[in-house]
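Listed below, chain by chain, are the residues.
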Amino acid sequence: GFPAVPFSLETLKIITPFAVTMAAVGAIESLLTMQLLDGLADDGERGSTKKECFGQGLGNVASGLAGGIGGCALLGQSIINVESGGGKSRLSGMSMAVFLALGIVACAPLLASVPIAALVGVMACVCQSTFSWSSLRILGKIPKLDAFVIFLVSAITVKDDLAKAVVAGVIANALGFAWTQSTSISTKVSEEKVPYNKSLKWKSYNMNGPLFFGSTTEFESLFNVKDDPSDVIIDFTNSRVFDHSALEAINNVADKYGEAGKKVHLRHLSKESAVLLRKLHGGDRPYEVIESDPLTDPVYSIPNE
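These figures come from a predicted structure and were not determined experimentally. (Residues numbered from 1 in each chain as written. Predicted model: local features only at pLDDT ≥ 70, side-chain atom pairs only at ≥ 80, totals over all residues. Heavy atoms only, no water.)

K.L.:
Which parts of the structure should I look at to understand the environment of P286?
P.N.:
Within the secondary structure, P286 sits in the loop between α12 (271-280) and β5 (288-291). Separated by 22 residues in the primary sequence, P286 and V264 place their C-alpha atoms 9.1 Å from one another. (Helix = DSSP H or I, 4+ residues; strand = E, 2+ residues; numbered from the N terminus.)

K.L.:
For this particular structure, what's the right way to read the layout of surface pockets?
P.N.:
Vacant regions in the atomic arrangement are exposed by a probe of water-molecule size rolled over the atoms. Considering only enclosed or pocket space, the second largest pocket measures out at about 1300 Å³ in volume. Lining the second largest pocket are 34 residues; nearest its centre among them are L37, E52, S89, R90 and G93. Of all the secondary structure elements, the ones that give two or more residues to the lining of the second largest pocket are α1 (9-41), α2 (49-65), α3 (75-85) and α4 (90-106). The leading source of residues in the lining of the second largest pocket is α4, at 7 residues. (1 Å grid on protein atoms, 1.4 Å probe; cavity = no way out; pocket = protein on both sides within 12 Å on 5 of 7 lines; lining within 4 Å. Points joined across faces, edges and corners; volume = space filled by probe spheres on them.)

K.L.:
Whenever I open this one, the nonpolar core confuses me. Can you help?
P.N.:
Side chains that are nonpolar tend, in soluble globular proteins, to be buried together. In this structure, F219, F236, V241, I250 and L266 are the most contacted members of the largest nonpolar core, which totals 26 residues. Of all the secondary structure elements, the ones that give two or more residues to this core are β2 (197-211), β3 (231-241), α11 (244-259), β4 (263-267) and α12. Top contributing element to this core by residue count: α11, with 6 residues. In contact with V241, not counting residues within four places along its chain, are L211, F236, A246, L247, I250, L269, S273, Y300 and I302. (Core = buried A, V, L, I, M, F, W, Y, C linked by side-chain atoms within 4.5 Å. Buried < 20%, exposed > 50% of the residue type's maximum accessible area, 1.4 Å probe, protein only. Contact = heavy atoms within 4.5 Å.)

K.L.:
Quick question: what am I supposed to make of unusual backbone geometry here?
P.N.:
Trans is the prevailing form of peptide bonds, just as negative phi is the prevailing case for residues other than glycine. A positive phi angle is found at H268, which is not glycine, with a value near 60 degrees. Mapped onto the elements, H268 comes out in the loop between β4 and α12. For H268, a relative accessible area of 18% puts it in the buried group.

K.L.:
Can you help me understand a nonpolar patch on the surface in this one?
P.N.:
On the surface, a cluster of nonpolar side chains totalling about 710 Å² of accessible area is made up of F7, L9, L12, I14, I15 and F18. Turning to its location among the elements, F18 is positioned in helix α1. The exposed category is assigned to F18, whose relative accessible area is 58%. (Patch = residues over 30% accessible without salt bridge, like charges linked within 9 Å, V, L, I, M, F, W, Y side chains within 5 Å. Areas by Shrake-Rupley, 256 points an atom, 1.4 Å probe, with all protein chains shown as cover. Salt bridge = Lys/Arg side-chain N within 4 Å of Asp/Glu carboxyl O.)

K.L.:
Would you explain α12 in this entry?
P.N.:
For an α-helix, 3.6 residues make a turn, and residues three or four places apart therefore share a direction. For α12, the complete set of buried residues consists of S273, A274, L276 and L277. The arc that holds every buried residue of α12, seen down its axis, measures 165 degrees, which confines them to one face. Of the exposed residues in α12, those oriented more than 90 degrees away from the buried face are K271 and K279. Packing partners of the buried residues in α12 comprise β3, α11, β4 and β5. (Arc of directions from axis to C-beta.)

K.L.:
Where do I start with the packing of α1 against α2 in this structure?
P.N.:
Packed helices, taken two at a time, are described by their axes: the angle between them and the distance between them. Two numbers describe how α1 lies on α2: the axes approach to 10 Å, and their chain directions differ by 140 degrees. Classified by the angle between their axes, α1 and α2 sit oblique to one another. The two elements α1 and α2 cross, and the hand of that crossing is right-handed. Each of G26, A27, S30, L31 and M34 in α1 lies in contact with α2, whose residues at this interface are T49, E52, C53 and Q56. (Axes fitted to C-alpha atoms, helices over the stretch in contact; angles between N-to-C directions. Parallel < 35°, antiparallel > 145°, perpendicular 65-115°, else oblique. Left-handed = near helix turned anticlockwise from the far one by under 90°.)

K.L.:
Can you walk me through the packing of helix α8 (residues 144-159) against helix α9 (residues 162-182) in this structure?
P.N.:
It is the contact of α8 with α9, at a shortest axis distance of 8 Å, that shows an interaxial angle of 160 degrees. On the basis of their axis angle, the class for α8 and α9 is roughly antiparallel. Regarding α8 and α9, the two cross each other, and that crossing is right-handed. Facing L145, D146, F148, V149, L152, V153, I156 and T157 of α8, the residues of α9 in contact are L162, K164, A165, A168, G169, A172, N173, G176 and F177. Grouping the amino acids of the contact of α8 with α9 by side-chain chemistry returns 11 nonpolar, 4 polar and 2 charged. (Nonpolar A, V, L, I, M, F, W, Y, C, P; charged D, E, K, R; others polar.)

K.L.:
Even after reading the chapter, I still don't get the state of the cysteines, so can you show me in this structure?
P.N.:
Joining two cysteines, a disulfide is a covalent bond between their sulfur atoms. Scanning all chains against the criterion turns up 0 disulfides. For C53, which is in no disulfide, the shortest distance to another cysteine sulfur is to C72 and amounts to 11 Å. We classify C72 as partly exposed; its relative accessible area is 30%. (Disulfide = S-S within 2.5 Å.)

And the structure:
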């Protein structure tokens, strides 16, 4: 019957952390299982993540109301089902579940007499057959960050649970990606003749890589304000401005040239970037010239928050 627990705020405070953790672990494991089975089947079709999560949630709610235990996709059984007979349909999965339930109910006394060591051996065999051993050979070839995340997620999964491991892995990967991108911005310096005076040359900084909050310090260090000529070009053809910190960095560089009595020409910024740059200081400034070209300027937006 229904669980005999009081339906109150205090009860919700107790069960919510465990419920969220179990829901996250179940959803992650089921979706990873589905992704693996899609690769094994290789029939050109992909499972629906929406249906998988909705169906699993509905089944677990019904199981909980009946006093049962929630569950998720079974990786070992699913792989055996696909590899043994090529079971790919809904009927195949349902049949496996029904026969497994009948076996447990009908053979409960017999299963109770099976030593735990034997069950451990069965699980060890399942792990051995489902583990991707080929991934160990590429550990020395993949980036160190990826290898670190693999070991981190594996260790936390064994020590705590899959939900914490996934959160830690995502955070570690995001921080590593931000660090990698922050050091990837660079510039190629060249000289460009002035259209109205061929005898004069302007120095051109051709930027490469993303410009965002993590790369602003590196960006500002690329310029030699003291030794540069009176006019300098900063070309963003191979770069992109991602946020307001990047716009502030561009203005900071322009301010340094303005204090030195020099002028900066900004080229190939998006229209929105140019508008936001003007808004930062209330309009155009004589030492910061934004040169627009609708035919070659990129089109992208910058988040407002």
